[in-house]
Amino acid sequence: MMKGLVIIGMVLFGLGALLFYLNDMAIDLRVVYGALSGIGIGLIIGGLVGYVSKGNSVKEAKIRQEFKQLQKEKAELEKQQLDNSLNNGNI
């Protein structure tokens, strides 16, 4: 995910540089507007990608935690069953 964000940032930077050199290196308001728009688009895309990736990682962490809890409960139940079977056999 982050690689895609870096690539998009490089494309926007290259586009801004291309517009700057095509404009005969004269700082024009169009170039400033273009740079600001590129930064804005980059921030929007970066925010969306960050939000999605964080949401996915939080979900995965929650699933892992629930799985570990289920494993602990299973081990406890197996231990109780073993204890019960040993107690019933001795009586």
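In the block above lies the structure referred to throughout.
Residues numbered from 1 in each chain as written. Predicted model: local features only at pLDDT ≥ 70, side-chain atom pairs only at ≥ 80, totals over all residues. Heavy atoms only, no water.

Student: Give me the overall build of the protein: which residues, what numbers.
Tutor: A count of helices and strands for the protein gives two helices and zero strands. The buried share of the protein, reckoned over its 91 residues, is 5%. Total accessible area on the protein is roughly 8100 Å²; 67% of this is exposed by carbon and sulfur atoms. (Helix = DSSP H or I, 4+ residues; strand = E, 2+ residues; numbered from the N terminus. Buried < 20%, exposed > 50% of the residue type's maximum accessible area, 1.4 Å probe, protein only. Areas by Shrake-Rupley, 256 points an atom, 1.4 Å probe, with all protein chains shown as cover.)

Student: Before we move on, could you go through the pattern of salt bridges and cite the residues and values that matter?
Tutor: If the charged atoms of two oppositely charged side chains come close together, the side chains can form a pair. Counted by the stated rule, this structure contains one salt bridge. The shortest N-O distance in the salt bridge between arginine 64 and glutamate 60 comes to 3.6 Å. Of this pair, arginine 64 and glutamate 60 both sit in helix α2 (residues 29-90), separated by four residues, roughly a single helical turn. (Salt bridge = Lys/Arg side-chain N within 4 Å of Asp/Glu carboxyl O.)

Student: Can you explain a nonpolar patch on the surface? Please cite residues and give values.
Tutor: A cluster of nonpolar side chains, namely Leu15, Leu18, Leu19 and Leu22, defines an oily patch on the protein surface of about 390 Å² accessible area. Its place among the elements puts leucine 15 in helix α1 (residues 2-22). Exposure remark for leucine 15: the relative accessible area of 46% places this residue in the partly exposed category. (Patch = residues over 30% accessible without salt bridge, like charges linked within 9 Å, V, L, I, M, F, W, Y side chains within 5 Å.)

Student: Give a detailed account of the environment of phenylalanine 13, specifying residues and quantitative values.
Tutor: Tracing the backbone shows phenylalanine 13 in helix α1. Judged by relative accessible area, which is 66%, phenylalanine 13 ranks as exposed.

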